Amino acid sequence: MATQATGADPATTQDTTATRDTAGTKAATAPRTAGGGRARTSAKGEQTRARLIAAARILLAGGEAGRFTTRNVAALSGVSHGMCHYHFADRTDLIVAVVADIRPEWITPLEEAVAGPGGYAERAERVLTLLTRPESPDLARLHAALHWLALNDERVRVALEAEYGRWRSCFVRLFRALADERGGDTDPAPLGEAFAAAVDGIAAIGSLDGTVDAPLVLRTLLDSLASTVGPQDT
């Protein structure tokens, strides 16, 4: 998924200047966005941006985070270095675009599973199915590279933190659906956050030790947490 351009900040946006092409028709130069890049104005521009993001993903998934530069990305994508900076002000802009680009591969399906039809049991089953599906090696390496880059780049850290917040909120909404179903005043936030932490931990363990029965562990934990939701006996 190509990322959407952010809204322009009046304090940093250049006025769009009208120019004339060889046919005498009016065209407009693309205004800069708040992030320093330029707003996309054509299908060709969209394609070029997508090629740059795709190349960035290849470099990061290939373990090239340490030598990740806009020049290397431009070379891999077959786009000039100047054109790369037309779309992305700097390497961080490009990395943040990758952070958003992978959202449909791990967050959006989870959001759809929680928001889909049915009660808690149906939603929980869809969530568990997604969580126990093997992650693609490229996506796993991308996440690892992005975490490494976030250690030394505050903008990457903030972008990645926001994505993980969105991911964790899916589990909070799942337990909120259960609380609404059963009644009572159970706070779903700590339950969702606890389950999210467990999912993250199981994924880390699974990457090193293939003997862990992740489906069984996650189902057991989810059932245990769910048992605490609802009116409590007094």
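Caption draft 1: Fine view of the pattern of salt bridges. Under the definition given, this model contains 11 salt bridges. For Glu 111, the salt bridge goes to Arg 166, with nearest N and O atoms at 2.6 Å. Of this pair, Glu 111 sits in helix α6 (residues 108-115) while Arg 166 sits in helix α9 (residues 154-182); the two residues are 55 residues apart in sequence, bridging distant segments of the chain. Between Asp 138 and Arg 141 there is a salt bridge whose closest N-O contact spans 2.6 Å. Taken as a pair, Asp 138 and Arg 141 lie in helix α8 (residues 137-150) at a separation of 3 residues, close to a single helical turn. Residue Asp 138 is classed as partly exposed on the basis of its relative accessible area, which comes to 43%. Within the structure, one salt-bridge network assembled from shared partners comprises Arg 57, Asp 101 and Glu 105.

Caption draft 2: Focus on the packing of aromatic side chains. The full count for this structure, using the stated rule, is 5 aromatic pairs. Relative to Phe 171, the ring of Trp 167 lies with its centre 5.1 Å away and its plane at 90 degrees, an arrangement referred to as edge-to-face. Within this pair, Trp 167 and its partner Phe 171 are both found in helix α9, separated by 4 residues, close to a single helical turn. We classify Trp 167 as buried; its relative accessible area is 8%. Residue classification places Phe 171 among the buried residues on the basis of a relative accessible area of 1%.

Caption draft 3: Summary view of the packing of α8 against α9. Between α8 and α9, whose axes approach to 8 Å, the crossing angle comes to 130 degrees. What the angle tells us is that α8 and α9 run oblique. The two elements α8 and α9 cross, and the hand of that crossing is left-handed. Seen from α8, the contacting residues are His 143, Leu 146, His 147, Leu 149 and Ala 150; seen from α9, they are Val 156, Arg 157, Leu 160 and Tyr 164. A per-class count over the contact of α8 with α9 returns 6 nonpolar, 2 polar and 1 charged.

Caption draft 4: Region of the structure containing the side chain of Thr 70. Mapped onto the secondary structure, Thr 70 falls in helix α2 (residues 70-77). Beyond its immediate chain neighbours, meaning those up to four positions away, Thr 70 contacts His 81, Cys 84, His 85, Asp 90 and Arg 91.

Caption draft 5: Structural context of the layout of surface pockets. Counted as a void, the largest pocket has a volume near 1,000 Å³. In this structure, the largest pocket is lined by 31 residues; those nearest its centre are Leu 131, Arg 133, Pro 134, Glu 135 and Ala 203. Sorting the residues of the lining of the largest pocket by element identifies α5 (103-106), α6, α7 (120-131), α8, α9, α10 (188-208) and α11 (214-226) as the ones contributing at least two each. Per element, the largest residue contribution to the lining of the largest pocket is 7 residues, and it comes from α10. Considered class by class, the residues forming the lining of the largest pocket number 19 nonpolar, 7 polar and 5 charged.

Caption draft 6: Representation of helix α4 (residues 91-101). Of all the 11 residues making up α4, 9 are buried; the element is thus mostly covered by neighbouring parts of the structure. Where α4 is concerned, the buried positions are Thr 92, Asp 93, Leu 94, Ile 95, Ala 97, Val 98, Val 99, Ala 100 and Asp 101. Of the surrounding secondary structure, the elements contacted by the buried residues of α4 are α1 (43-61), α2, α3 (81-87), α5, α8 and α9. The N-terminus of α4 is capped by Asp 90, whose side-chain oxygen sits 3.2 Å from the backbone nitrogen of Thr 92.

Caption draft 7: The confidence of the model for the chain, seen in detail. Considering every residue of the chain, the mean pLDDT works out to 84; 81% of them sit at 70 or more. Of all helices and strands in the chain, the one with the weakest mean pLDDT is strand β1 (residues 18-20) (31), whereas α6 scores best (98). For the stretch residues 1-40, pLDDT sits under 50, and the model shows 67 contacts to residues farther than four places along the chain or on other chains.

Caption draft 8: Region of interest: the nonpolar core. Counting 56 residues, the largest nonpolar core has Leu 60, Trp 167, Phe 175 and Phe 195 as its most contacted members. Among the elements that line this core, the one with the most residues is α9, at 11 residues. With residues up to four places along the chain from it excluded, the contact list for Phe 175 reads Tyr 120, Pro 188, Leu 191, Gly 192, Phe 195, Leu 222, Leu 225, Ala 226 and Val 229.

Caption draft 9: Local environment of the environment of Glu 105. In this structure, Glu 105 sits in helix α5. By relative accessible area, which is 38% here, Glu 105 ends up partly exposed. Glu 105 has contacts with Arg 57 and Leu 139, leaving out every residue within four places of it along the chain.

Analysis parameters
Along every chain, residues carry numbers that run from 1 in the direction the sequence is written. Under the rules for a predicted model, residues below a pLDDT of 70 receive no local features and side-chain atom pairs below 80 are neither given nor counted, while totals for whole chains, interfaces and linings still include all residues. Side-chain numbers here rest on the full set of heavy atoms in the structure, without hydrogens or water. Put simply, a salt bridge is a Lys or Arg side-chain nitrogen that is within 4 Å of an Asp or Glu carboxyl oxygen. Numbering of helices and strands starts at the N terminus; helices are DSSP runs of H or I of at least 4 residues and strands are runs of E of at least 2. Each residue is assigned to one of three classes by its accessible area relative to the maximum for its type, calculated with a 1.4 Å probe on protein chains only: buried under 20%, partly exposed between the two thresholds, exposed over 50%. Put simply, two rings from Phe, Tyr or Trp (the six-membered ring, in Trp's case) pair if the centres are within 6.5 Å, and we call them stacked under 30 degrees between planes, edge-to-face over 60, tilted for the rest. Lines fitted to the C-alpha atoms define the axes, with helices restricted to the stretch that makes contact. Angles between their N-to-C directions range from 0 to 180 degrees. When describing relative orientation, an angle under 35 degrees is termed roughly parallel and one over 145 degrees roughly antiparallel, while 65 to 115 degrees is termed roughly perpendicular and anything else oblique. Two helices cross in a left-handed way if the nearer one is turned anticlockwise from the farther one by less than a right angle. They cross in a right-handed way if the turn is clockwise. The contact definition used throughout considers only heavy atoms, calling two residues in contact when any of these lie within 4.5 Å. All amino acids are sorted into three groups, where Ala, Val, Leu, Ile, Met, Phe, Trp, Tyr, Cys and Pro are nonpolar, Asp, Glu, Lys and Arg are charged, and the leftover types, Gly among them, are polar. A cavity here means a set of 1 Å grid points, computed over protein atoms only, where a 1.4 Å probe fits but cannot escape. A pocket is an open set with protein on both sides within 12 Å along at least 5 of 7 lines, and lining residues have an atom within 4 Å of a point. Grid points are joined across faces, edges and corners, and a volume is the space filled by probe spheres set on the points. We call two N or O atoms a polar contact when they sit within 3.5 Å, provided that within protein one can donate a hydrogen and the other can accept it, with sequence-adjacent residues counted only if both atoms are side-chain atoms. For every residue, the predictor reports its confidence as pLDDT, a number between 0 and 100. The criterion is simple. A nonpolar core is a set of buried Ala, Val, Leu, Ile, Met, Phe, Trp, Tyr and Cys residues joined through side-chain atoms within 4.5 Å.

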